[in-house]
Amino acid sequence: MPHGMTWFDLIFGDMGKWRAQLQDAIGTSYIGHSDISIQFVVAFAFIALLLMVLVLVARTKIANVDKALLPDDGFTLRSFFEMMIEGALNTMQGTMSRKAALFFLPLIGSCAFIIMFSNLMGLIPGFEPATSNLNTTLAMAIVVFLTTHIWGVKEHGIGYFAHWFGPIRKWYALPLMLLIFCIEFISHLARPMSLGIRLMGNMFADHKVVVTFTLLIPILVPLPMLLMGVLVCLVQTAVFCLLSMVYIGMAVAHEEH
Amino acid sequence: MQIRKVLTFLSVTLLTLIAASTAFAQEAAAAEDGGGDIGWKALAAGLAIGLAAFGGSLGQGRAAGAALEGIARNPNASDKIFTPMILGLALIESLVIYALIIAIMVKP
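On a predicted model such as this, the values are computed, not experimentally measured, just so you know.

About the thresholds
- Residues numbered from 1 in each chain as written.
- Chains lettered and ligands numbered in written order.
- Predicted model: local features only at pLDDT ≥ 70, side-chain atom pairs only at ≥ 80, totals over all residues.
- Helix = DSSP H or I, 4+ residues; strand = E, 2+ residues; numbered from the N terminus.
- Buried ≥ 20, exposed ≤ 12 C-beta atoms within 10 Å, placed from the backbone.
- Contact = placed C-beta atoms within 7 Å.
- Nonpolar A, V, L, I, M, F, W, Y, C, P; charged D, E, K, R; others polar.
- Core = buried A, V, L, I, M, F, W, Y, C linked by C-beta atoms within 7 Å.
- pLDDT = per-residue confidence, 0-100.
- Axes fitted to C-alpha atoms, helices over the stretch in contact; angles between N-to-C directions.
- Parallel < 35°, antiparallel > 145°, perpendicular 65-115°, else oblique.

## Re the overall build of chain B
Part 1 of the reasoning: Regarding its fold elements, chain B presents 3 helices and 0 strands.
Part 2 of the reasoning: Taking all 108 residues of chain B together, the buried fraction comes to 10%.
Part 3 of the reasoning: Of the contacts formed within chain B by residues at least 6 apart in sequence, a portion of 63% connects residues at least 24 apart.

Here's what the structure looks like:
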């Protein structure tokens, strides 16, 4: 399979028409002004459709509440979803109250599922992980960033920004307040960047390593790299969601002084 | 005394590399002129990822060592130690990934 070609080229035939439509609609990417590769868009859409189908299948199993009281025996689709959602909810309750955890669970859960499925898809030979592109990861990171600030302001009013001025908020500490404000502003700006770049860098480097090993010796040598790839995929999902939970939890927390 | 020897060795190595880079520049200028600083760019990319991997591995070694020591003291707490250890390792590794991105962007 030559470079830049994935199974989507074989499934959908020539995707040039889609790329032309995409280019008419958007032009070049906002970051770096490079051509938008159609592979990532198709891969992301495929992951979204796959997830919807899987979720609908799992949903039908719990449609009848009385019959679905007992969990399934073994590792079925429904028990997989239940495991992940329960894990996410338990971790979220560590950083925020139960009401807030239940409220933000759709966002964090969607991010977790999309990132995990995209990452794992990249390990299959012939596929490219949709999250190895900065556009995908930065989109999710920006959504989390906007969520933290909008809900922080909703929860605390405009006094949400009072924490950015530091511990001493009197008139005689004005230089200190300005300095701490600059530091907090930049650190808040660096959060979505770091979330996006961390995920993108890990997936890009991991995919490149696996591809290089497979091209060198395709028989047994890529196996340890694939195992490490699985570990990296799962850990990166967990790190993204954990950091998102911490940021949201810190934004909506009610501290008792 | 040991740390002084290590530091001396490292600084001598670094100075040798920097002194040798002038040879790369001359070679690059003779080889091709398109982007006459292709040697510098290659050196920058290699140094970026090399130093980042060095520092990152030291940090991750300390984090994993502390986690292992905690598990050795109290094996029952291994589940509670595992999650923060993985989180810490991923955060340290993210700095190495930033250097990798810069190295890929600098690549001639």
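## What about the overall build of chain A?
Part 1 of the reasoning: Assigned secondary structure in chain A consists of 8 helices and 0 strands.
Part 2 of the reasoning: Reading the secondary structure of chain A in the N-to-C direction produces α-α-α-α-α-α-α-α.
Part 3 of the reasoning: Projecting the C-alpha coordinates of chain A onto the three principal axes gives extents of approximately 70 × 55 × 40 Å.
Part 4 of the reasoning: The proportion of buried residues among the 257 residues of chain A is 26%.
Part 5 of the reasoning: Counted over contacts in chain A with a minimum sequence separation of 6, partners at least 24 positions apart contribute 62%.

## What about the environment of Pro106(A)?
Residues and elements named next belong to chain A.
Part 1 of the reasoning: Within the element layout of this structure, Pro106 appears in helix α5 (residues 98-121).
Part 2 of the reasoning: C-beta crowding within 10 Å serves as the criterion here: with 9 such atoms nearby, Pro106 is assigned to the exposed category.
Part 3 of the reasoning: Residues Pro106 and Ile85, 21 residues apart in the sequence, show an inter-C-alpha distance of 9.5 Å.

## Considering the interface of chain B and chain A
Part 1 of the reasoning: Each side of the interface is counted separately: chain B has 8 residues, and chain A has 11 residues.
Part 2 of the reasoning: Class assignment for the residues of the side of chain B that touches chain A results in 7 nonpolar, 1 polar and no charged.

## Re the nonpolar core
Part 1 of the reasoning: Within the largest apolar cluster, 51 residues are counted, with the highest numbers of intra-cluster contacts made by Met92(A), Ile108(A), Cys111(A), Ala112(A), Phe240(A), Cys241(A) and Ile248(A).
Part 2 of the reasoning: Contributions of two or more residues to this core are made by α3 (38-61), α4 (77-95), α5, α6 (134-156), α7 (174-216) and α8 (222-252) of chain A together with α3 (78-106) of chain B.
Part 3 of the reasoning: With 13 residues, α8(A) is the single largest residue contributor to this core.
Part 4 of the reasoning: Beyond its immediate chain neighbours, meaning those up to four positions away, Met92(A) contacts Ala101(A), Phe104(A), Leu105(A), Ile108(A) and Met245(A).

## Some thoughts on the environment of Ala173(A)
Part 1 of the reasoning: Take Ala173(A): it is sitting in the loop between α6 and α7.
Part 2 of the reasoning: Between the C-alpha atoms of Ala173(A) and Ala43(A), which are 130 residues apart in sequence, the distance is 53 Å.

## Structural notes on the confidence of the model for chain B
All names here are of chain B.
Part 1 of the reasoning: Looking at chain B as a whole, its pLDDT mean stands at 81, while 78% of the residues score no less than 70.
Part 2 of the reasoning: Averaged pLDDT values over the elements of chain B bottom out at 62 in helix α1 (residues 2-31) and peak at 93 in helix α2 (residues 38-73).
Part 3 of the reasoning: Considering only residues more than four positions removed or in separate chains, one finds that residues 23-31, a stretch of pLDDT under 50, has 9 contacts.
Part 4 of the reasoning: Here the prediction assigns the complex a pTM of 0.79, and the interface score ipTM is 0.71.

## Focus: the packing of α7(A) against α3(B)
Part 1 of the reasoning: At their nearest, the axes of α7(A) and α3(B) sit 9 Å apart, and the two run at 75 degrees to each other. In terms of their interaxial angle, α7(A) and α3(B) are classed as roughly perpendicular. Note on element contacts: α3(B) touches α7(A) through Ser94(B), Ile97(B), Tyr98(B), Leu100(B) and Ile101(B), opposite Ser194(A), Ile197(A), Arg198(A), Gly201(A), Asn202(A) and Ala205(A).

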